[in-house]
Amino acid sequence: MSSRPRVIVAGAGPVGLTAALILARGGVDVTMLERRAELNRMSKASTFHPPTLEILADFGLLDVLTSQGQLVPKIQYRERGKGVLAEFFLAELAAETRCPFRIHLEQAAVMPLLLEKLQTFPNARVLFEANVVAAAQSATGVAITTEGPRGREVSEGDYLLVADGARSTTRDLLGIGFEGETYEERVLRVFTRMDLDEVLPGIAPLTYLYVGNKSLSFLKMPDLWRMVLRAPAHISNEEAVSPGYFMTRLKDYFAEDTDKLRDVWADVFEVGKRVASTYLQGRAIVMGDAAHISTTRGGMNMNCGVHDAYALAHALLATFQSGDDKVLQACAAERRRVAREELLRRTDTAASTGAEWLAFATKCAGDRDLRLKFLRSATMLDMRPVVNPSLAA
Ligand SMILES: Cc1cc2nc3c(=O)[nH]c(=O)nc-3n(C[C@H](O)[C@H](O)[C@H](O)COP(=O)(O)OP(=O)(O)OC[C@H]3O[C@@H](n4cnc5c(N)ncnc54)[C@H](O)[C@@H]3O)c2cc1C
């Protein structure tokens, strides 16, 4: 039998896969349990911020990400009728990161790359169709029961990583709370394959267009554009995704130019803000959407989850090395603080919409120090994951 430490990872999303890869690379026997028959292919998060790209670069994935994804070198702010008011160039951060850019790419395109890397490690096992239905822990280990076509199976390990998403069964089985609220407004994404430069000449791959207190976000993907709006509570999902509704909403931003928009469709989904009551319960470590959810504004939630995975997996490796979980405890507390005090504050809708925010961005763009601070915040560089908070400056 192997004398290596053993870790069970519940959930093969971007967060579980990142943590599993770091642990497998660190010599840990990893068993990954995933309810689905294959990785989730849904269109979800699309933004990879510099600190996340640094983590993925460390796995040797930067070349493939830059060749498959849409490079985002700047952030543009516009106001209807006035044109471009402010631009922020990420290259100004070159002294602070090896990745002074964002990449827009579906998370579903990145997960298979992580899985492929993980499967190169003989000490990593990935079990699909393994639905976690029971979780038990003692002072010395964890035992996780799954159900699936192979029947009921029990996987044992030294630690459990809870990375099975916002509706985490594992978190609930362990009795860990997930306090917070669901926003009344849902996220309405409108997609088009046309070149938006025809309608808004000079549009940048990440653009915010303001009309009074309202704003519309534009994200250029490798094969299409996403435009992100909010659907108010009184509008049903069916109505929100109907062209009659969303084209009227877009008219506020484009005016008569909406007539030029072709090949347009939409989807809508609920968002909330919640944080788990603890990130470390005995030998269970909570991360990613199982630990926090936030709005899509700024594209930070998945990135923050990948940062959880990076910091907590390294802290767990330190625990295995030293036999002492002090660093892990401090790291778990720090990641929870980051979710509550940084992630939720930055992504809360009110904090980053409205004419006041546009005025703030415009002021920052004109002053080097303010501009760099703004850029660090928008790219999450000022909330880079820290493995040992007591050593952080
Ligand atoms: C429509 C949509 C759009 C989004 N857009 C953005 C965005 O623009 N920017 C952003 O930052 N974030 C966005 N998000 C959120 C982002 O997708 C998540 O933050 C990210 O997926 C979190 O990764 P994760 O690995 O923690 O969880 P998940 O990706 O949810 O992965 C969890 C995995 O656990 C598995 N699982 C669940 N239950 C069990 C069980 N009982 N047993 C075993 N396995 C289980 C699931 O099948 C899944 O594979 C969006 C989400 C949605 C739904």
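Analysis parameters
- Residues numbered from 1 in each chain as written.
- Predicted model: local features only at pLDDT ≥ 70, side-chain atom pairs only at ≥ 80, totals over all residues.
- Helix = DSSP H or I, 4+ residues; strand = E, 2+ residues; numbered from the N terminus.
- Rg over C-alpha atoms; globule rule 2.2 N^0.38 Å.
- Buried ≥ 20, exposed ≤ 12 C-beta atoms within 10 Å, placed from the backbone.
- Contact = placed C-beta atoms within 7 Å.
- Near = placed C-beta within 6 Å.
- Pairing = 2+ DSSP bridges.
- Axes fitted to C-alpha atoms, helices over the stretch in contact; angles between N-to-C directions.
- Core = buried A, V, L, I, M, F, W, Y, C linked by C-beta atoms within 7 Å.
- Domains from an automatic or database assignment.
- Nonpolar A, V, L, I, M, F, W, Y, C, P; charged D, E, K, R; others polar.
- Parallel < 35°, antiparallel > 145°, perpendicular 65-115°, else oblique.
- Left-handed = near helix turned anticlockwise from the far one by under 90°.

Caption draft 1: Layout of the overall build of the protein chain. Within the protein chain, the regular secondary structure consists of 11 helices and 22 strands. A globule of 393 residues ought to have a C-alpha radius of gyration of about 21 Å, and the protein chain, at 22 Å, matches this closely. C-alpha extents for the protein chain along the principal axes are approximately 70 × 45 × 35 Å. Relative to its full complement of 393 residues, the protein chain shows a buried share of 45%. Long-range pairs, those at least 24 residues apart, make up 73% of the contacts in the protein chain with a sequence separation of at least 6.

Caption draft 2: Highlighting the site of the ligand. Taken together, the neighbourhood of the ligand is formed by 33 residues, with Gly11, Gly13, Val15, Gly165 and Gly288 sitting nearest. Elements with a minimum of two residues in the shell around the ligand: helix H1 (14-25), strand S9 (131-137) and helix H8 (301-322). No other element matches the four residues that H8 contributes to the shell around the ligand.

Caption draft 3: The sheet that holds strand S17 (residues 225-231), seen in detail. The mixed open sheet is built from seven strands, whose spatial order is S6-S5-S15-S16-S17-S14-S18. Edge positions in the sheet fall to strand S6 (83-89) and strand S18 (264-269), since each of these pairs with one other strand and no more. With strand direction ignored, the average angle separating the axes of adjacent strands in the sheet is 20 degrees. Pairing geometry for strand S5 (residues 74-79) and strand S15 (residues 206-211), over five bridges, is parallel. Residue pairing across strands places Tyr77 opposite Tyr208, the latter belonging to S15.

Caption draft 4: Representation of the nonpolar core in the model. The biggest cluster of nonpolar side chains holds 113 residues, and the ones touching the most others in it are Ala19, Ile285 and Met287. Broken down by element, this core gets its largest block of residues, 11 residues, from H8. Split by domain, the residues of this core number at least three in each of domain 1 (6-69 + 106-181 + 272-350) and domain 2 (72-104 + 184-270 + 353-384).

Caption draft 5: Spotlight on unusual backbone geometry. Within the chain, Glu129 stands out as a residue other than glycine whose phi angle is a positive 50 degrees. Note that Glu129 resides in the loop between strand S8 (124-127) and S9. According to the C-beta neighbour criterion, Glu129 is partly exposed, with 15 such atoms within 10 Å. Positive phi, close to 55 degrees, is recorded for Asp263, a residue that is not glycine. The topology assignment puts Asp263 in the loop between helix H7 (243-254) and S18. Residue Asp263 is classed as exposed on the basis of its C-beta count, with 9 C-beta atoms lying within 10 Å.

Caption draft 6: Quick peek at the domain arrangement of the protein chain. Each assigned domain of the protein chain is listed with its residue range as follows: domain 1 (6-69 + 106-181 + 272-350) and domain 2 (72-104 + 184-270 + 353-384). A C-alpha centroid distance of 29 Å is found between domain 1 and domain 2. For the side of domain 1 that touches domain 2, the secondary-structure elements that each account for two or more residues are strand S3 (47-48), helix H2 (50-58), helix H3 (62-68) and helix H9 (326-347). Per-element tally for the side of domain 1 that touches domain 2: the top contributor is H2, with five residues. Counted by class, the side of domain 1 that touches domain 2 contains nine nonpolar, 11 polar and three charged residues.

Caption draft 7: Highlighting the sheet that holds strand S10 (residues 142-148). Strand order in the open sheet formed by three strands is S9-S10-S11, with antiparallel pairing between adjacent strands. Since the sheet does not close on itself, it has two edges, and those belong to S9 and strand S11 (151-157), each with one partner. In this sheet, neighbouring strand axes are inclined to one another by 20 degrees on average, regardless of whether the strands run parallel or antiparallel. The sheet contact formed by S9 and S10 spans six bridges and is antiparallel. Bridge assignment links Ala135 to a residue of S10, and that residue is Ile144.

Caption draft 8: Here's a closer look at the packing of H1 against helix H4 (residues 107-118). H4 packs onto H1 with a crossing angle of 25 degrees between their chain directions and a minimal axis gap of 9 Å. The pairing of H1 with H4 is recorded here as roughly parallel in orientation. Considering only the axes of H1 and H4, their crossing is left-handed. From H1, Pro14, Leu17, Thr18, Ala20, Leu21 and Ala24 reach across to H4, where they touch Gln107, Val110, Met111, Leu114, Leu115, Lys117 and Leu118.

Caption draft 9: Summary view of H2. Buried within H2 we find Pro50, Pro51, Thr52, Leu53, Ile55 and Leu56. If you follow the buried residues of H2, they end up packed against H1, S3, H3, strand S7 (102-104) and H8. Of the residues flanking the end of H2, it is Gly60, one or two places downstream, whose phi is positive at about 80 degrees.

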